[in-house]
Structures are given as C-alpha cells and as structure tokens.
Amino acid sequence: MAKLTKLDDIVSLCKRRGFIFQSSEIYGGLASCYDYGPLGVELKNNVKRAWWKNVVQMRDDVVGLDASIFMHPLIWKASGHADKFADLVSECKKCNTRTRVDHLQDSETGTKKAEEHAEHVSMATEESKQYNLANKVCPNCGAVGQFTAPMPFKLMFETQMGANAEDSMTMYLRPETAQGIFANFRNVLDTTRVKVPFGIAQVGKSFRNEVTTKAFIFRTREFEQAELEFFCEPGTDEQWYEHWKEQRCNWYLNLGLKKENLRFRDHDPDELAHYAKACVDVEYRFPFGSGDWQELEGIANRTDYDLRQHQRGMRTLNRWYESGRDLTKIKLADEAEDYQSGPLSYFDEEKKARYIPYVIEPSAGMDRSTLAFLVDAYDEEEVRGETRNLLRFHPALAPIKAAIFPLVKKEGMPEIARSIYDDLKRRFNCFYDEKGAVGRRYRRQDEAGTPFCITVDGQTLQDQTVTIRERDSMEQVRIATAQVRSYLYDKLDL
Ligand code: ATP
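Residues numbered from 1 in each chain as written. Predicted model: local features only at pLDDT ≥ 70, side-chain atom pairs only at ≥ 80, totals over all residues. Heavy atoms only, no water.

Things to note about the sheet that holds strand β15 (residues 293-303)
Our working rule: What makes two strands pair is DSSP finding at least two bridges between them. Under the DSSP-based scheme used, a helix requires at least four consecutive residues in state H or I and a strand at least two consecutive residues in state E, with every element numbered from the N terminus. Axis definition: a line fitted to C-alpha atoms, over the contacting stretch in the case of helices. Angles run 0 to 180 degrees between N-to-C directions. Residue contacts follow a heavy-atom distance rule, with two residues in contact if any of their heavy atoms lie within 4.5 Å.
The seven strands lie next to each other as β3-β11-β12-β18-β15-β14-β13, forming an open sheet whose pairing is mixed. Two strands bound the open sheet, and with one partner strand each, they are β3 (62-64) and β13 (262-266). Pairwise comparison of adjacent strand axes, ignoring direction, gives a mean angle of 25 degrees for this sheet. Relative to strand β14 (residues 278-285), β13 runs antiparallel, the two sharing five bridges. Considered in β14, the bridge of leucine 262 is made with tyrosine 284. Running over the sheet, helix α7 (residues 237-254) touches β3, β12 (222-232), β13, β14, β15 and β18 (358-365) and is turned about 155 degrees from β15.

Here it is in structure tokens:
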C-alpha cells in the first residue's frame, strides 16, 4: 500500500530534482510565485500538450487561438469583471490578516457551510449580509469571531498602457483567457469553415490578485489556464454539457489520475453565477487543505450570456470615449431589441435561422493539474531494504521519455549508447548518463518519472542487443538495438 503523500514530500522532491522552485529565491523568494525548472517545464508543457491534443487536435469541431493578455478595457466591463470580480474579505481585528469569507472555518465543526460558498464573480456587497462570522476562526492567529464586516476586494491587476498622458489608459491583466475567445468569435467564424456546434480553445496565462494564496502551485496570483468555449444551438446545450463533463473526466483518468481521487461536484443553485444554467467542478483529492477535495476544473453552461454582453459592450464604445476612457464613469449600454440578429449572432444555413449560440465552458488550471499529476504519480516503495522514490507518470506526461546508459565507461559502450541517444533525441526528450553505478542512475530516473532506461552492456558488443528497463515494474527486456525506436514508439503511444 502506497504511503499517503504529504505536500511537503512533493515540495521537497520538486526542489531537489528541479521541477519547481520558489520565484526570486536568491532574493529571499517572492510569496506565491513559482518557477518551473528543467524537469518542471517539460512536465507542464506535456500537460498542456496533452490537453491540446485531446481538445483540439483529435477533434474536427474545435479550433485553437492565442489571444493577447492585454485586451480592450471595455471587454472587462462587458464581461462583468470590472464591476463584480471581487472576493468578499474580512480582516481579523487581532492580527489584521485578511481572509476570504468563504474560506473561513467554523470554530466548533471545522467546516465551511456549503450555502456560504459563493461564486466570487456574482458576489455583491449586499450579499455580505448573509455571512455570520461570529463563530469563524482566524486561520492566522486562531481568534474566534473577531472579524470586521466583509468588504469586496478587487481581483484584477491594473496597469497603465501608453507613454503619453493623452493616450495613456488603465489596462487589466486578464483574469481568465475566455474573454479573448468571445472577442474573436466573429473573426473565427469569418475565416474558417466552422459551423455550430464548434469550439475555440486557448491555453495561456491569467492573473488574479488572490486574497490568500495557498498550497504551493495550487492557488497563485499568476497561473495558466486551458479553456474551451464550445458554441452550440440553444436547446442542445444540456446534451453538450454532459458530453464535455464526460470528456474532461476521461482526460484526467486516461492520463493516469486514480479514479478514487477524482469526483464531480455539482454547484448548488444558490452557488451558481447568475448567468450560468449549470456548473460542475472536477475535484481532486489533494493531500492538503481542510476538506482535501479541491477544484481542478470548472465546467459551466454559460448560456448566451457572454456574446450578448459583448454586443452591449460594442454599443458602449462612444460612451467610453466621451468619459475620457474611464470605465468607472460609464454604464454598459442596454441590449438592442433585435439582439438575436446582432453582430455576434450566428446564421444557421441548414435551419435558415439566426440565433446567439449557447456556450459550454470547460476551464482547467494547468498548474493545478500539474500538481495533481505530480501528487498522484508520487510513490515510495521498499526494494531490497532500500526506499525507492518514484513518479509513476503516464508516458505522455513524463518529462524524459527514455534515459540511455553505457554500463561502464569503456570498451566502446559510451559510443554505442551515444548513437542510440542521438537517434532518439530527435524524436522525444531523452537523457544520457554515464556517471556512477547503474543502480543509482536508475534511481535518479525513477525519481524524475522516466518510464524507460536503456542500457548498453557487454552483451551489446557481442549481439547488438540492449536492455530496456521499465520504471514501474523494474522488469528488463532484451531487444535488438535496431528495434529500440519502434519499441519505444509503441510503448510511449507516440
Ligand atoms: P477558486 O474557487 O479555487 O478560486 P475559481 O472557481 O475562481 O477557483 P475558475 O474561475 O473557474 O476558478 O477558473 C478555472 C480554473 O482555473 C480553476 O478550476 C483552477 O484550476 C484554475 N485557477 C483559478 N484560479 C487559480 C489560481 N489563483 N491559481 C491557480 N489556478 C487557478
């Protein structure tokens, strides 16, 4: 039975083996910011690639996009982020620490009440009245019921764009990638052959000035999201919602996450953002946090809300110029009576009907998934009286696919091993190592999650065969050197 993994074990392995480092460490570190090291960048790139392969490459009905991080400020007015994207926070009067009220725990039960968990996008100051903080414990100093009245705390980072006073304006770092997709809906329709139902997918950085960051790369202020906006005809949305729930769950399972660590959690009706018809979280049982189960991905039926809002946003442009380009001074324009035939509507050729498509949105965190894959793959086992640490990564995610060793540094073995390495590295990420005892070299690769180690030994010189050792079982097979490439292609499912 595998030992229960603790987050500390993962953090220390990540540091020791160069997966993830604290940002700006040589300057004492920068809280909640992390850098992906040599193995980490390969792992995270593989997670992103696996998502792209599954959501874009393997499908005929999804196309990709890479929108810029800076977007027209009105986009955030139309999406609702400029006015409403805030967390309700409360300050402890004893230690002055601010905490999200939906994260506060009860002193007696140690639980957060489900009805108190509100989607922050839909929070308004009025809603703060529903919170009774008399029994809540400060996570920093332990004081009970010492909280100030909840206040909204804006989550979008602001910055200034433009060198001259006349054209300088307040910009926002995007808090989600999705709006770049809605803003390009018309462009994609006009330049490709897509027909509803179809999706637009994007992977990229997002930024939120989170009140509390936590648990390593789980919640940070700069993170990467993989989002799909799938546009469908109203009336077919429930069916597509079910389709994407199943697809997304299978993606995690097929990449090796254990079934018992994955579950769906439907949002309660009072937890739903006002525009959402349904929303479910894909949750993973992380070895930390109060309830262990934490969100990996949200899947929402967003109706036609976003495209309709952007039609209103487009009609607000003049007001924005007249206000001196100040979002805080303007109101979003009303919806046109004939919004169904507006610029972001869709004409269905077959049905000869025009409508605004509904949207199903699976929105996944790439850093959170990377952490889940790390935690789930982590294992320790006793082998002949020694502890073996290993990462049982799915081959598609493993940072290094194969390591190549000469058994000893003589008799021509390094030359043969190098020529195998030179051939394989043109196709996938490989590692060559000739230093130290071969057993130790295997152990180092186990800890990096490398699924295969190829060893050139004395017999190779006689019969042109090598051994291939498999990480999980530690079993070795002997195969002809000429077969190595096809053997690995098959096993790696490339
Ligand atoms: P939470 O309630 O945990 O703050 P959320 O419901 O606001 O998350 P969404 O807006 O649905 O999250 O974002 C979609 C996904 O993006 C999340 O499921 C998560 O994987 C990822 N994500 C969101 N915020 C962060 C963050 N601060 N750090 C890392 N990943 C994040």
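Some details on the packing of aromatic side chains
What characterises a pair of aromatic rings is the spacing of the ring centres plus the angle enclosed by the ring planes. To keep it simple, the criterion reads: Between rings of Phe, Tyr and Trp, where Trp is taken as its six-membered ring, a pair exists when centres lie within 6.5 Å; planes separated by under 30 degrees are stacked, by over 60 edge-to-face, and by other angles tilted. In this scheme, a residue with accessible area under 20% of its type's maximum is buried, one over 50% is exposed, and one in between is partly exposed, where area comes from a 1.4 Å probe on protein chains only.
Counted according to the given criterion, the structure contains 21 aromatic pairs. Ring geometry for tyrosine 275 and tyrosine 305: centres 4.5 Å apart, planes at 15 degrees, overall stacked. Within this pair, whereas tyrosine 275 is found in the loop between β13 and β14, its partner tyrosine 305 is found in helix α8 (residues 305-314), the two being separated by 30 residues in sequence. The burial state of tyrosine 275 is the same as that of tyrosine 305; both residues are buried.

Comments concerning helix α1 (residues 7-16)
We count it as follows: To obtain the arc, one takes the directions from the helix axis to the C-beta atoms.
Buried within α1 are the following residues: Leu7, Ile10, Leu13 and Cys14. Take α1 and look down its axis: the buried residues cluster within an arc of 130 degrees, on one side only. Of the surrounding elements, those touching the buried residues of α1 are β1 (20-22), α10 (366-377), β19 (378-383), β20 (386-391) and α12 (438-448). Count one or two residues on from α1 and you reach glycine 18, which has phi positive near 80 degrees.

Let's talk about the sheet that holds strand β24 (residues 465-470)
Across the sheet, which stays open at both edges, the five strands sit in the order β22-β21-β23-β24-β25 with mixed pairing between neighbours. Strands at the two margins of the open sheet, each flanked by one partner only, are β22 (430-432) and β25 (476-480). Pairwise comparison of adjacent strand axes, ignoring direction, gives a mean angle of 25 degrees for this sheet. Of the strands in this sheet, β21 (402-406), β22, β23 (452-456), β24 and β25 are in contact with α12, which crosses β21 at around 170 degrees.

A look at the nonpolar core
Here is the rule we go by: Throughout this description, the term nonpolar core refers to a set of buried Ala, Val, Leu, Ile, Met, Phe, Trp, Tyr and Cys residues connected via side-chain atoms within 4.5 Å.
Residues Phe19, Trp51, Tyr252, Phe286 and Leu371 are the most contacted members of the largest nonpolar core, which totals 57 residues. Residues contacting tyrosine 252, with those up to four places away along its chain left out, are Leu257, Leu262, Val282, Leu296, Glu297, Ala364, Ser369 and Phe373. Formed by 20 residues, the second largest nonpolar core is a distinct cluster that contains Ile181, Phe182, Tyr339 and Tyr346.

Focus on the site of the ligand
We apply this condition: Near residues are defined by distance, with any heavy atom within 4 Å of the molecule or strand qualifying the residue. Any pair of nitrogen or oxygen atoms within 3.5 Å is treated as a polar contact; in protein, a donor-acceptor pairing is required on top of that, and neighbouring residues in sequence qualify only through side-chain atoms on both sides. Only the protein chains shown count as cover for residues, and the accessible areas themselves come from Shrake-Rupley with a 1.4 Å probe. When residues are sorted by character, Ala, Val, Leu, Ile, Met, Phe, Trp, Tyr, Cys and Pro go into the nonpolar class, Asp, Glu, Lys and Arg into the charged class, and all the rest, Gly among them, into the polar class.
Around the ligand, the structure places 16 residues, and the nearest of them are Glu210, Arg219, Thr220, Glu295 and Leu296. Glutamate 210 has a polar side-chain atom sitting 2.7 Å from a nitrogen atom of the ligand. Measuring from an oxygen atom of the ligand, one finds a backbone N or O atom of glycine 365 at 3.1 Å. Surface burial for the ligand is 90%, taken as the share of its 600 Å² of free accessible area covered by protein chains. The set of elements that each furnish at least two residues to the shell around the ligand consists of β12, β15 and β18. Broken down by element, the residue count for the shell around the ligand peaks at four residues, all from β15. Partitioned by chemical class, the residues of the shell around the ligand number three nonpolar, six polar and seven charged.

Regarding unusual backbone geometry
Residues valine 196 and proline 197 are joined by a peptide bond in cis, for which omega reads 5 degrees. When you line up the elements, proline 197 lands in the loop between α6 (185-191) and β11 (198-207). Here arginine 325, not a glycine, exhibits a phi torsion of approximately 55 degrees, which is positive. Mapped onto the fold, arginine 325 is located in the loop between α9 (317-322) and β16 (346-348). By relative accessible area, which is 26% here, arginine 325 ends up partly exposed.

Looking at the packing of α1 against α10
Selection criterion: When an angle is under 35 degrees it counts as roughly parallel; over 145 it counts as roughly antiparallel; between 65 and 115 it counts as roughly perpendicular; any other value is oblique.
Orientation of α1 relative to α10, taken along the N-to-C sense of each, is 105 degrees, at an axis distance of 10 Å. Between α1 and α10, the crossing angle belongs to the class labelled roughly perpendicular. On the side of α1, the interface is formed by Leu7, Ile10 and Cys14, while α10 contributes Leu371, Leu374 and Val375. Looking at the contact of α1 with α10, its residues break down into six nonpolar, no polar and no charged.

Some words on the environment of aspartate 376
One can find aspartate 376 in helix α10. Sequence separation of aspartate 376 and arginine 485 is 109 residues, and the distance between their C-alpha atoms is 29 Å. Not counting the four nearest positions on each side in its chain, aspartate 376 is found in contact with Gly256, Leu257, Lys258, Asn261 and Tyr284. There is a polar contact of 2.9 Å between the side chain of aspartate 376 and the side chain of asparagine 261.

Let's talk about the pattern of salt bridges
Heads up, the rule is: One side-chain nitrogen of Lys or Arg within 4 Å of one carboxyl oxygen of Asp or Glu is enough to make a salt bridge.
For the structure on display, the rule yields 41 salt bridges. Salt-bridge contacts for aspartate 306 lead to arginine 302; the nearest nitrogen and oxygen are separated by 2.8 Å. Exposure remark for aspartate 306: the relative accessible area of 1% places this residue in the buried category. A salt bridge links aspartate 379 to arginine 392, with the nearest nitrogen and oxygen atoms 2.9 Å apart.

Honestly, it's all geometry; don't read function into it.
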